[in-house]
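The chain contents come next:
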Amino acid sequence: LCSRSGENFTMASSRSGVSGLLRMTARISSKEACSTPIKPDAAELRKTVEDCDEALVLLLHERARALETLWSLEGPADGIPSAELSPSEMDRVKQAHSCCKEEGRSSLSDSAIVSVFQELSRVCSQIRDSVAYLGPPATFTHQAARSRFGLNAIYLQCDRIPDVFQAVERGKVGFGVAPVENSTEGAISQTLDLLATTELQVVAEVCLDIRHNMLSNADLHRIQRVFSHPQALAQCRGWLQANLPGAEIIAESSTARAAQLAAQAKPEEGIAAISSLLASELYDLPVKATSIQDLSNNMTRFVVVRQQSPGGMPDTQPTGDDKTMLVLCMADRVGALHDVLHAFQQRSVNLARIESRPSKSKAWEYIFFVDMHGHYKDENIQGVLLDLKQQCSFVRVLGSFPFIRQPSAHTSRKT
């Protein structure tokens, strides 16, 4: 602002938010110039927050206007449009944050900063992604979808995982989100089967820290029936046996659907649900116990799918830290598995996961899902794929996307 001409600066100063921005600039400059720490003052701190908010609103509008002008000058972008931050934009944000950390001015994590700018990118985008998820609202899949696509997306709730895939296949939505693996109970077989039998492409993954809670209108000691998704029930098996040994355990299509049923029940009916805190808030259902999962670190991995790009191969660009998902069927011969694993070993490709499933096309024939470090376009991955195609009866790349780092699951139960 200060670099503008006097006339333009006078005009800009009359706009809402500029005064807050100027005060923030002066305040930060004075703190950096002062060698003696300034004693915190409650009134001054509240004013700082207010000035930050004013300045942020102004800068957000300026950013949105600049993007609109840039888009009009550049015209339509090549490839599939996306509201997500590009790898170069993400690197720029992380670099700016690293400077603040080096100067000791940041109390926020890299992931927190990136998530704010990711949401900002979605809100400012001219694109509103349409996303199918396993509903109803407040399921963990819904939360995973929101963490990926933000509040600006158009969401379509589906009753079953196959409905999510079908909505994407038929073009009702641009993307689908489905659970694929839990750190406690393992793979979601239905999702794996659909990845193998449909022509959809995996473009991203989302990892969610799962915290299960006991929700009910009844007192805890009066609960007689507990509803939830089979995965959630399995993940809380130990807690249920210890705290509600006589309760009837009933499987439902989702944790959110279970919360809906429990919310509709009267206290004397003794009906409860294992679900999320978001479901408690959304369906006005009291929380009777929190974090009841048997493992304290309970993670679920979700895949984001869309229709295949032309040519059937991933059109994402390498970031330097990627994951590629494959599905393959080995030849029925001695040493087939050894030869397949050797193809990865000799090219120094690390496997993140390997999972077998019945092929469903022939009795006792199995297909294998493989997650490996690297991008489809990397030279060593290309070499592995070439070797696999010579050794296997079937190989298909499901997708390449940035690798999401996650903490290792604990193996001991909570006490």
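For the structure, check the block above.
Let me begin by describing the structure that accompanies this report. As the structure is a computational prediction, the values presented were derived from the model and not from experiment.

In this section: the nonpolar core. Among the nonpolar cores identified, the biggest contains 27 residues, and Phe165, Leu195, Val202 and Val305 are the most heavily contacted of them. The dominant element in this core, judged by the number of residues it contributes, is helix H7 (residues 161-169), at 5 residues. Beyond its immediate stretch of four places on either side in the chain, Val202 contacts Leu195, Val303, Val304, Val305, Met325, Leu398, Gly399, Ser400 and Phe401. One finds Leu326, Ala336, Val349 and Leu388 within the second-largest nonpolar core, a separate group that totals 19 residues.

Moving on, we get to the sheet that holds strand E7 (residues 225-228). Across the sheet, 5 strands lie side by side as E8-E7-E9-E6-E10; this open sheet has mixed pairing. Sheet topology places strand E8 (248-251) and strand E10 (287-289) at the edges, where each strand pairs with a single neighbour. Going from strand to strand, the sheet's axes swing by 35° on average, the running direction of each strand aside. Note: E7 against E8, 4 bridges, orientation parallel. Across the sheet, the residue bridging to Arg225 is Glu248, located in E8. Across the sheet, helix H11 (residues 255-264) touches strand E6 (213-216), E7 and strand E9 (271-275), and the angle it forms with E9 is around 155°.

The next point concerns H7. When you tally the buried positions in H7, you get 7 out of 9 residues, the bulk of the element. Those residues of H7 not exposed but buried are Ile161, Pro162, Asp163, Val164, Phe165, Ala167 and Val168. Where H7 is buried, its residues contact strand E1 (130-134), strand E2 (154-158), strand E3 (175-182), helix H8 (189-197), strand E5 (200-209) and strand E11 (299-307).

Moving on, we get to the sheet that holds strand E14 (residues 366-373). Strand order in the open sheet made by the 4 strands is E13-E14-E12-E15, with antiparallel pairing throughout. In this open sheet, the two strands that pair with only one neighbour each are strand E13 (351-358) and strand E15 (392-402). Neighbour to neighbour, the strand axes of the sheet diverge by 15° on average, direction disregarded. Where strand E12 (residues 322-330) and E14 come together, 6 bridges link them in antiparallel fashion. Residue pairing in the sheet places Leu326 in a bridge with Val370 of E14. Each of E12, E13, E14 and E15 touches H8; the most contacted strand, E13, lies at about 90° to it. Across the face of the sheet, helix H14 (residues 379-391) comes into contact with E12, E14 and E15 while running at roughly 155° to E15.

Describing two packed helices takes the angle between their axes plus the distance from one axis to the other. Between helix H13 (residues 336-345) and H14, the shortest axis-to-axis distance is 9 Å and the interhelical angle comes to 170°. Between H13 and H14, the crossing angle belongs to the class labelled roughly antiparallel. As for the relative orientation of H13 and H14, their crossing is right-handed in sense. Mapping the contact onto sequence places Asp339, Val340, Ala343 and Phe344 in H13 and Val384, Asp387, Leu388 and Gln391 in H14. A class-by-class count of the residues in the contact of H13 with H14 yields 5 nonpolar, 1 polar and 2 charged.

Parameters at a glance
Residues numbered from 1 in each chain as written. Predicted model: local features only at pLDDT ≥ 70, side-chain atom pairs only at ≥ 80, totals over all residues. Heavy atoms only, no water. Core = buried A, V, L, I, M, F, W, Y, C linked by side-chain atoms within 4.5 Å. Buried < 20%, exposed > 50% of the residue type's maximum accessible area, 1.4 Å probe, protein only. Helix = DSSP H or I, 4+ residues; strand = E, 2+ residues; numbered from the N terminus. Contact = heavy atoms within 4.5 Å. Pairing = 2+ DSSP bridges. Axes fitted to C-alpha atoms, helices over the stretch in contact; angles between N-to-C directions. Parallel < 35°, antiparallel > 145°, perpendicular 65-115°, else oblique. Left-handed = near helix turned anticlockwise from the far one by under 90°. Nonpolar A, V, L, I, M, F, W, Y, C, P; charged D, E, K, R; others polar.

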